Amino acid sequence: MAGLPGGGVVVAGKVWTGAGSPPFTPTVTVWSADGSRRWTASLPGWSSATAVVGTPGGGVVAGRVESADVAEIVSYLGDGTPNPGFGVGGIAQIPVPSYPVVGGYTPYATVSALALDGDGRIVVALVSGQCDNRVRACRYSDGAVHLTRLLPDGAVDPDFHGGTPLPIGVNSTPVFDLRSKLVTWADGSIGVATGVGPDAVTKVLPDGSGLDRAFGDGGAAFVQPGAEAGCGVGDDVGVLDLR
C-alpha cells in the first residue's frame, strides 16, 4: 500500500475467484482521497505485486517476482491502463541477483520496495535468498538486498552502479527480513532500511558507487549498535520517511 499525490491510496493484493488455476487474480487498486474506487487492474500469473509507488499524474508503478530469476516492474497510467511508454506493454523485466543456496534450501526472491526520485527514475529494492521451513520457524533463512534504478521508460539506468544491481549490506551480515524501506533525497541519494539486526539505515550515493561515508557511521546509521543478527531476533525498521 502507498499514498498517492492528491490523497489517494494504491493497494496491491489478490481477489479470490474460487475457480480456475490459480483461483485468484493478482490486482492493483487505486482509491481516491474520498474512498471511492478509481480503478482496478489485473496482473497475469500467480504473483501479487509486493511493492507499489505513486507517480505524478496519478499513475502507479508496481513490482513483483513472477519467476525465481526475473522481476517485473509494471507501470500504469492515471486511468489504470498500462503505460505504453514503459518497457514492453507497460512491463519492464530485470534480473534477480543470485544468492548462494545450500542443499535442502529453496531459493526465494521478492521486490521488497520501490521509490521515485526527483527525476522520475524508479529505485527498485530486490531481496533474494534461501529458506528452509523444516529447520526454522521463519518463512526464510537469510538473503541479500540489491538496488537497481530504472529510467522513466523502464530501461535500466546505466549511470547507477554501471547498470548492474548494487548489493546493500551492513558488516556483511545477511538480511533476515523480506521487507525493505526506501527514500530518496533531492540530490538523488537513496536511503535504505533492510533486514533484522543489526538493522541500519544506509545512504547510497546518487551514482550508486557506494555508501555516503559522511552519513552516520561510515554510511550507515544503526538502530541499535551491536544488536544480535538472526531470524526472529534483533531490530527492525518498520517505517522510513524523510522530514
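Chemist: Go over the packing of aromatic side chains with me, naming the residues and quoting the values.
Modeler: Enumeration according to the criterion identifies two aromatic pairs in this entry. Summarising the aromatic geometry, the rings of Trp39 and Tyr76 are spaced 5.4 Å apart at their centres and angled 45 degrees between planes, so their arrangement reads as tilted. Of this pair, Trp39 sits in strand β4 (residues 37-42) while Tyr76 sits in strand β7 (residues 70-76), and the two are 37 residues apart along the sequence. Residues Trp39 and Tyr76 agree in their burial class; the two are buried. Ring plane angle 70 degrees and centroid distance 6.2 Å describe the contact between Trp185 and Phe215, whose orientation is recorded as edge-to-face. Of this pair, Trp185 sits in the loop between β13 (180-184) and β14 (190-194) while Phe215 sits in the loop between β15 (200-204) and β16 (220-222), and the two are 30 residues apart along the sequence. We classify Trp185 as partly exposed; its relative accessible area is 22%. Between the NZ or CZ atom of Lys203 and the centre of the ring of Trp185, over which it lies, the distance is 4.4 Å.

Chemist: Describe the confidence of the model for the chain, naming the residues involved and giving the relevant values.
Modeler: Chain-level pLDDT for the chain is 80 on average; 75% of the residues reach the 70-or-more range. In this model residues 229-239 is a low-confidence stretch, pLDDT under 50, and it forms 36 contacts with partners more than four residues away in sequence or in other chains.

Chemist: Report on the nonpolar core, specifying residues and quantitative values.
Modeler: Counting 17 residues, the largest nonpolar core has Ile73, Val111, Leu114, Ile122, Val124 and Leu150 as the members making the most contacts within it. Elements supplying a minimum of two residues to this core: β5 (51-54), β6 (60-67), β7, β8 (91-95), β9 (106-116) and β10 (122-131). Not counting chain neighbours up to four residues away, the residues in contact with Ile73 comprise Val61, Ala62, Gly63, Phe86, Gly90, Ile91, Ala92, Ile94, Val111, Leu114, Val124 and Leu150.

Chemist: An account of the pairing of strand β3 (residues 24-31) is requested, with residue identities and associated values reported.
Modeler: Along any regular strand the residues' side chains alternate between the sheet's two faces. Of all eight residues in β3, six are buried; the element is thus mostly enclosed. Here strand β2 (residues 9-16) runs beside β3; their pairing, made up of eight bridges, is antiparallel. Paired with Ala12 across the strands is Val28, a residue of β3. In this structure, β3 lies alongside β4, joined through five bridges in antiparallel fashion. In the strand pairing of β4, Thr29 is matched with Thr40. If you look at the hairpin formed by β3 and β4, you'll find five residues sitting between the two strands, and Gly35 has a positive phi there, around 90 degrees.

Chemist: Mind laying out the environment of Asp119, listing which residues take part and the relevant values?
Modeler: Looking at the secondary structure, you find Asp119 in the loop between β9 and β10. Asp119 gets classed as exposed once you look at its relative accessible area, which sits at 58%. The spatial distance from the C-alpha of Asp119 to the C-alpha of Ala186 is 9.2 Å, given a sequence separation of 67 residues.

Chemist: Account for the pattern of salt bridges, naming residues and giving values.
Modeler: Following the criterion strictly, the structure yields six salt bridges and no others. Ionic pairing is found between Arg121 and Asp117, a salt bridge with its closest N-O pair at 2.7 Å. A relative accessible area of 17% places Arg121 in the buried class. Residues Arg121 and Asp119 are paired through a salt bridge, measuring 3.4 Å at the closest nitrogen-oxygen approach. Counted as one network, the salt bridges with shared partners bring together Asp117, Asp119, Arg121, Arg149 and Asp157.

Chemist: Outline the environment of Ser47, supporting the account with residue identities and numerical values.
Modeler: Within the element layout of this structure, Ser47 appears in the loop between β4 and β5. By relative accessible area, which is 17% here, Ser47 ends up buried. A sequence separation of 20 residues divides Ser47 from Ser67, and the C-alpha atoms of the two residues are 8.8 Å apart. Discounting residues that sit within four places of it in the chain, Ser47 has contacts with Pro26, Arg64, Val65 and Glu66. In this structure the side chain of Ser47 is engaged in a polar contact, spanning 3.0 Å, whose partner is the backbone oxygen of Val65.

Chemist: For unusual backbone geometry, give the residues involved together with the corresponding values.
Modeler: Non-glycine residue His161 carries a positive phi angle of around 55 degrees. With respect to the helices, strands and loops of the structure, His161 is situated in the loop between β11 (142-150) and β12 (166-168). Residue class for His161 comes out partly exposed when judged on its relative accessible area of 28%.

Chemist: Just give me the short version of the pairing of β8, but keep the residues and values in it.
Modeler: Burial along β8 is one-sided: Ala92 and Ile94 are buried, while Ile91, Gln93 and Pro95, pointing the other way, are not. Sheet analysis places β7 next to β8, joined by five bridges and oriented antiparallel. Bridge assignment links Val70 to a residue of β8, and that residue is Pro95.

Rules used throughout
Counting starts from 1 at the beginning of each chain's written sequence and moves along it residue by residue. A pLDDT threshold of at least 70 governs which residues receive local features in this predicted model, and a stricter bar of 80 or more applies before side-chain atom pairs are shown or counted, although totals over entire chains, interfaces and linings include all residues. Computation of side-chain values covers all heavy atoms of the structure but excludes hydrogens and water. Each Phe, Tyr or Trp ring, with Trp reduced to its six-membered ring, pairs with another whose centre is within 6.5 Å; inter-plane angles below 30 degrees give stacked pairs, above 60 give edge-to-face pairs, and intermediate values give tilted ones. Helix and strand definitions here come from DSSP, where helices need a minimum of 4 consecutive H or I residues and strands a minimum of 2 consecutive E residues; each element is numbered from the N-terminal end. Exposure categories follow from relative accessible area, calculated using a 1.4 Å probe and restricted to protein chains: below 20% of the type maximum is buried, above 50% is exposed, and the middle band is partly exposed. Charge-over-ring placement is defined geometrically: NZ (Lys) or CZ (Arg) within 6 Å of the ring centre, and within 35 degrees of the ring normal. Scored from 0 to 100, pLDDT records how confident the predictor is in each individual residue. A contact between two residues is defined here by any heavy atoms of the two lying within 4.5 Å. We define a nonpolar core as any set of buried Ala, Val, Leu, Ile, Met, Phe, Trp, Tyr and Cys residues linked to one another through side-chain atoms lying within 4.5 Å. Strand pairing is assigned whenever DSSP detects at least two bridges linking the two strands. Each salt bridge in this description consists of a side-chain nitrogen of Lys or Arg and a carboxyl oxygen of Asp or Glu lying within 4 Å of one another. Within 3.5 Å is the distance limit for a polar contact, defined as a pair of N or O atoms, with the added protein rule that one can donate a hydrogen and the other accept it, and that residues adjacent in sequence qualify only through two side-chain atoms.

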